[in-house]
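Geometric and topological summary
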Amino acid sequence: MRCVIARYPFDLTKSGVLASMKGVTPEIVTGESVTIGRRRYPVKQVGQVITRQDRRDFTGSEVIRAMTRLGFTCHDHPEAARVRVPTPVQTASALLGAAPLDA
């Protein structure tokens, strides 16, 4: 498939992207990401590996568009674990030795 990333044309194939990303350790995902194989990579890392360009030269949306057309699953935001934050009254009660409410 022919696509344009950072004003340069690339001929990308799904097998070619899989081969390029083989052995690459994923960085921590803080924004948009792409699932390649069983791993989830940041969009900019994938773009850097497959185009061999600096990450500042292209946008994440260009890479997402190309990866979606190749059939990879793209994600908008990382899934964050829900953290229960106690209210001030619960914190004060716990400091005074009361049993927690969710126990």
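The following refers to the structure shown. (Residues numbered from 1 in each chain as written. Predicted model: local features only at pLDDT ≥ 70, side-chain atom pairs only at ≥ 80, totals over all residues. Heavy atoms only, no water.)

Quick notes on helix 3 (residues 60-70)
Applied cut-off: Burial classes: relative accessible area under 20% of the type maximum marks a residue as buried, over 50% as exposed, and values in between as partly exposed (1.4 Å probe, protein chains only). For the purposes of this entry, the term helix denotes a DSSP run of H or I that reaches at least four residues, the term strand denotes a run of E that reaches at least two, and both are numbered from the N terminus. Contact between two residues is taken to exist if any of their heavy atoms lie within 4.5 Å; hydrogens are not considered.
Buried within helix 3 we find Gly60, Glu62, Val63, Ile64, Ala66, Met67 and Leu70. Next to the buried residues of helix 3 lie strand 1 (2-5), helix 1 (14-21), strand 3 (33-36), helix 2 (43-51) and strand 5 (73-75).

Regarding the packing of helix 2 against helix 3
Applicable threshold: Axis geometry follows a simple rule: fit a line to the C-alpha atoms, using only the stretch in contact for helices, then measure angles between N-to-C directions, giving values from 0 to 180 degrees. Our angle categories are set so that under 35 degrees counts as roughly parallel, over 145 as roughly antiparallel, 65 to 115 as roughly perpendicular, and the remainder as oblique. Think of it as three bins: nonpolar holds Ala, Val, Leu, Ile, Met, Phe, Trp, Tyr, Cys and Pro, charged holds Asp, Glu, Lys and Arg, and polar takes everything else, Gly as well.
Look at helix 2 against helix 3: their axes get within 9 Å of each other, and the N-to-C directions meet at 75 degrees. Put simply, helix 2 runs roughly perpendicular to helix 3. Across from Val43, Lys44, Val46, Gly47 and Ile50 in helix 2, the residues of helix 3 making contact are Gly60, Val63, Ile64 and Met67. Class assignment of the residues belonging to the contact of helix 2 with helix 3 gives a composition of 6 nonpolar, 2 polar and 1 charged.

Let's talk about the sheet that holds strand 3
Where we set the bar: A pair of strands counts as paired when DSSP detects no fewer than two bridges linking them.
On the basis of which strands lie adjacent, the open sheet formed by 3 strands has the order 4-3-5 and antiparallel pairing. The sheet terminates laterally at strand 4 (39-42) and strand 5, the two strands that pair on one side only. On average, each strand axis in the sheet is inclined to that of its neighbour by 30 degrees, with strand direction left out of account. Where strand 3 lies against strand 4, 4 bridges are found, and the strand directions are antiparallel. Looking across to strand 4, one finds that Val34 is bridged to Tyr41.

Structural notes on helix 2
Those residues of helix 2 that sit buried are Val43, Gln45, Val46, Gly47, Ile50 and Thr51. Summarising the contacts, the buried residues of helix 2 are in contact with strand 1, strand 2 (8-11), helix 1, strand 3, strand 4 and helix 3. At the exit of helix 2 stands Arg52, carrying a positive phi of roughly 60 degrees.

Examining the packing of aromatic side chains
Put simply, the rule reads: Between 30 and 60 degrees the pair is tilted, below 30 it is stacked and above 60 it is edge-to-face, where a pair is any two Phe, Tyr or Trp rings, Trp via its six-membered ring, whose centres lie within 6.5 Å. Any Lys NZ or Arg CZ that is within 6 Å of a ring centre and within 35 degrees of that ring's normal is treated as a charge sitting over the ring.
According to the stated counting rule, one finds 0 aromatic pairs in the structure shown. Its guanidinium or amino end placed over the ring of Phe58, Lys44 lies 5.0 Å from that ring's centre, counting from NZ or CZ.

Quick notes on the pairing of strand 3
Taking the residues that link successive antiparallel strands as the turn, the strand 3-strand 4 hairpin has 2 residues, and the phi of Gly37 there is positive, at about 70 degrees. Of the pairings in the sheet, the one linking strand 3 to strand 5 comprises 3 bridges and is antiparallel in character. Paired with Thr35 across the strands is Thr73, a residue of strand 5.

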